[in-house]
Amino acid sequence: MTATEYQYTREDFNTPAPYEDVLSIANPFEREVATNQLAEYAKVVGINATGFKRMLKAYMDSKELGNRMVYVDNVTCFTGQKLELDAGEWQAGDWGVSRRNGRFDEVACPHPLMPVERLVNIDTGVEKLKLAFHKGEERRWREIIVEKSVLASNQKILQLSDQGIAVTSENARALVRYISDMENINYDIIPQRKSVSRLGYIPGEGFSPYVDGLIFDGDANFKHLFQAVTSHGRRELWYETAKEIRRGSVMARVMLAASFASVLVQPCGALPFFVHLWGGESGTGKTVALMLAASVWGNPELGRYIQTFNSTVVGREKLAAFFNHLPLCVDELQLARDARGKLVFDVYALAEGVGRTRGTRTGGVDQTPTWANCILTTGESPITGSQSGAGAINRVIEIECRAAEKIIEDGHAVSGVVKKNYGFAGREFVRHLCEEPQSVDEAAALYQDFFRQLGETDATEKQAMAAAVVLVADTLATRWLFQDGQCLSAQDVSQFLAGKAAVSAGERGYRYMCGWVTQNANRMRAGSEQGDVYGLIQDNTAYVISSVFRRAAEDAGFSAQALLSYLREHGLIETRGRAMTKAKRVNGVPTECVVMKLPPDLTGEEIPVSGGDLPF
C-alpha cells in the first residue's frame with residue numbers, strides 16, 4: 001500500500017484506525033515499510049512527521065498498559081506444523097517467532113520452532129521437551145529432544161545452535177521465554193509420552209525397546225545403538241544358520257546361549273559375568289561367533305551393536321548401563337593394551353554391575369549407573385592373568401580357541417548371513433519370558449538345578465552361577481525357539497570353568513613366589529657375590545628378607561599382607577607369635593625374614609595346597 005492509497009482524513013489520525021492499520025501487520029519488515037508510508041501520507045493531510053510518530057508511540061503505549069498486548073485466538077501459523085498451539089503474545093509464522101516489546105520487535109527465533117511433545121523418563125522421572133523446527137525454503141521439519149534445564153537457561157540454550165537452531169547470545173533470553181510460554185499455555189495440548197534412555201527391563205512397562213510407543217530420550221551418541229536393536233531380513237534364514245552352528249562346536253553354542261542368558265541374569269538373581277573367547281591364531285571364528293551372538297538382538301556390524309575395546313573406562317561403563325540387561329558385546333581385547341603391551345582393562349569395572357559414583361558441579365552426586373547382564377568379549381589373549389584377583393577370575397568364563405578346532409567353520413558365509421538377517425530370536429525369547437507367567441519361575445527352578453549340578457564339580461560358586469544362567473538360557477531357547485534338541489549339559493560347560501585352585505589368589509601367589517625363589521636362587525646363597533642379597537635357601541625352606549618378599553609380591557600384583565595371611569593359614573610359612581616373620585642370620589646379620597616352605601619339586605608337580613595334606 002502506497003501513501004496515495006490511504007483514505008484517512010486529518011481527523012482520523014486522532015482515532016486508533018490508522019495506527020491499527022500498520023500494527024496489525026505481523027511481518028516486522030512489512031510493518032516498518034507501512035509505517036513509513038503512513039507517515040508520508042500524514043504529511044499530505046497536514047500532520048508533520050514528529051506529530052505522527054508521537055501519536056503512534058502514544059497509541060502503542062496505551063495498548064501495552066496492563067498485561068501488554070492481548071491477542072485473541074492468536075495461534076501458531078507454521079506451514080506443515082504438527083500441532084496448532086496458542087501463541088499467546090507471540091507472533092509465530094513461517095518468517096519466525098517474535099513479539100512486540102515496547103517500540104521494538106523482540107525476535108525469539110528467525111525460523112519456525114515449537115514444542116511438540118513432553119517426554120517423561122520412566123526410570124528417573126526427568127522431563128524433556130521435543131522441539132520441532134525447520135529452516136529455509138525446504139520446509140522439512142526436524143525434531144530434537146532437549147533437557148528442560150537446557151531450555152531454562154540463557155547460557156545452556158546456546159547449545160541448540162549445534163543442532164541447527166538459530167540461537168545466539170542476542171536472542172537466547174527471548175527464546176527461553178518463548179519456549180516456556182508455549183509449554184505453559186499449551187500444557188494440556190502438548191502430548192505427554194513415556195521415554196527411556198536405556199535397554200532392558202522397564203518396571204511396570206515391559207522390555208525396552210519392545211514397548212510400543214516408547215521413545216528414546218538418552219544420550220544422542222547412543223541413539224544409533226538403540227536403533228541397532230531391531231529386526232531385519234529373513235527370520236527363517238537366521239534360524240537355519242543358527243541351528244547349523246548349534247550342531248557343531250560346543251564353544252559356539254556356549255557363546256550363543258550366553259547372549260540369551262543376559263536377560264536372565266536379573267530374574268535368576270545372578271551376578272554379571274563375562275564369556276571371553278581368546279586365541280592367538282587368526283581365523284578361528286572368534287569375531288564371527290560374537291557377531292552371531294549379537295545378531296540375536298540386532299545389527300551385528302562393528303560399530304553398531306558390537307563395540308571394541310578402543311574406549312575409556314567411563315565409556316565402557318556408560319555402554320554397560322545403556323545395554324543394561326542386553327549383552328554388551330566387545331571385540332578385540334588387544335586394543336585395551338598400553339604402549340608397553342600391558343593390558344589395562346579391569347574386569348571388576350564391569351563385573352560388579354555398578355558404576356562409579358560421581359559428583360556434580362553443584363555439589364551433589366549423579367545417579368549411579370547399574371546393569372545386570374552378560375559381557376561377551378573376544379581377544380588374542382586371556383582377559384585375566386596370574387595377577388588378577390580371585391573375584392575377577394570368578395566372573396569370567398574363558399574359552400580358548402585353537403586353530404585345529406575352529407568355533408565356526410565357514411565364518412565368511414555365517415557373517416554374511418547375520419549381517420543381513422538379525423534381531424528375531426531375542427525379541428521372541430523376551431516375549432516368551434515376559435508374556436508367559438510361569439516362565440520366570442521355570443527359569444529360576446532350572447537355575448537352581450543347574451547350580452546344584454555344577455556345585456558338585458571343582459568350579460567355584462560364582463563360576464557355577466554364571467554357567468548355570470547360560471545353561472538355563474540354552475534350555476529355554478532350545479524349547480521355545482530352536483526346537484532341535486541340542487541342549488547344552490553341565491558337562492559341556494564345566495570344561496571351561498576355572499577350578500578352585502586357579503581362582504584362589506593365595507594359591508596363585510604362593511606358586512608365583514616359589515617361582516620367584518627359583519629365579520633368584522643365586523641371590524639367596526651364603527656368601528653369594530651376585531650383588532643384592534635376598535635371603536637364604538636351606539633345607540627346602542626359603543628365608544626371604546621381609547622387605548624383599550613384600551616388594552616382590554606387590555610388584556606381581558598380589559597383596560603382600562593377604563598373601564602372608566594365606567600362607568600362615570595353610571602352614572606354608574613359619575611365624576613367631578602374631579608376626580608373619582622370624583629372625584634369621586643372613587650373611588651373619590640378624591634379619592627379619594619370611595620363612596616360606598618350598599614344595600619338593602618346583603618343576604611343575606601339582607601341589608595340593610587347597611584341601612588335603614600339604615606335601616611337607
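Located above this text is the structure these notes cover.
Analysis parameters
Residues numbered from 1 in each chain as written. Predicted model: local features only at pLDDT ≥ 70, side-chain atom pairs only at ≥ 80, totals over all residues. Heavy atoms only, no water. Core = buried A, V, L, I, M, F, W, Y, C linked by side-chain atoms within 4.5 Å. Buried < 20%, exposed > 50% of the residue type's maximum accessible area, 1.4 Å probe, protein only. Helix = DSSP H or I, 4+ residues; strand = E, 2+ residues; numbered from the N terminus. Contact = heavy atoms within 4.5 Å. Pairing = 2+ DSSP bridges. Axes fitted to C-alpha atoms, helices over the stretch in contact; angles between N-to-C directions.

(A) Looking closely at the nonpolar core. Phe260 and Leu264 are the most contacted members of the largest nonpolar core, which has 107 residues in total. Of the residues forming this core, the biggest block, 15 residues, is contributed by helix H16 (residues 461-482). Here Phe260 is in contact with Val296, Trp297, Ala425, Gly426, Phe429, Ala473, Ala477, Leu481 and Phe482, once residues within four sequence places are set aside. With 31 residues, the next largest nonpolar core counts Val97, Leu113, Ala174 and Leu175 among its residues.

(B) View of the sheet that holds strand S6 (residues 142-147). Here we have 5 strands laid out as an open sheet, ordered S6-S5-S4-S7-S10, and mixed in their pairing. This sheet does not close on itself; its edge strands, each paired only once, are S6 and strand S10 (215-216). Pairing between strand S4 (residues 113-121) and strand S7 (residues 192-196): 4 bridges, direction parallel. Residue Asn121 lies in a different strand from S7, and its bridge partner there is Ser195. Strand contacts of helix H5 (residues 172-185): S4 and strand S5 (127-133), with the helix running at about 65° to S4, the strand carrying the most contacts.

(C) View of helix H14 (residues 425-435). By the burial criterion, the buried members of H14 are Ala425, Gly426, Glu428, Phe429, Val430, His432 and Leu433. Elements in contact with the buried residues of H14: strand S8 (200-202), strand S9 (206-208), helix H7 (235-246), helix H8 (250-261), helix H15 (438-455) and H16.

(D) A look at the environment of His232. Along the chain, His232 turns up in the loop between helix H6 (223-228) and H7. Expressed as a C-alpha distance, the spacing of His232 and Ser295, which sit 63 residues apart in the sequence, is 9.9 Å. Ignoring anything within four residues of it in the chain, the contact list for His232 reads Lys420, Asn421, Tyr422 and Phe424.

(E) Expanded view of the side chain of Arg395. Mapping Arg395 onto the fold places it in the loop between helix H12 (390-394) and strand S15 (396-400). Since its relative accessible area comes to 7%, Arg395 is described here as buried. Apart from the residues within four sequence positions on either side, Arg395 is in contact with Leu271, Pro272, Phe273, Phe274, Ala351, Glu352, Lys462 and Gln463.

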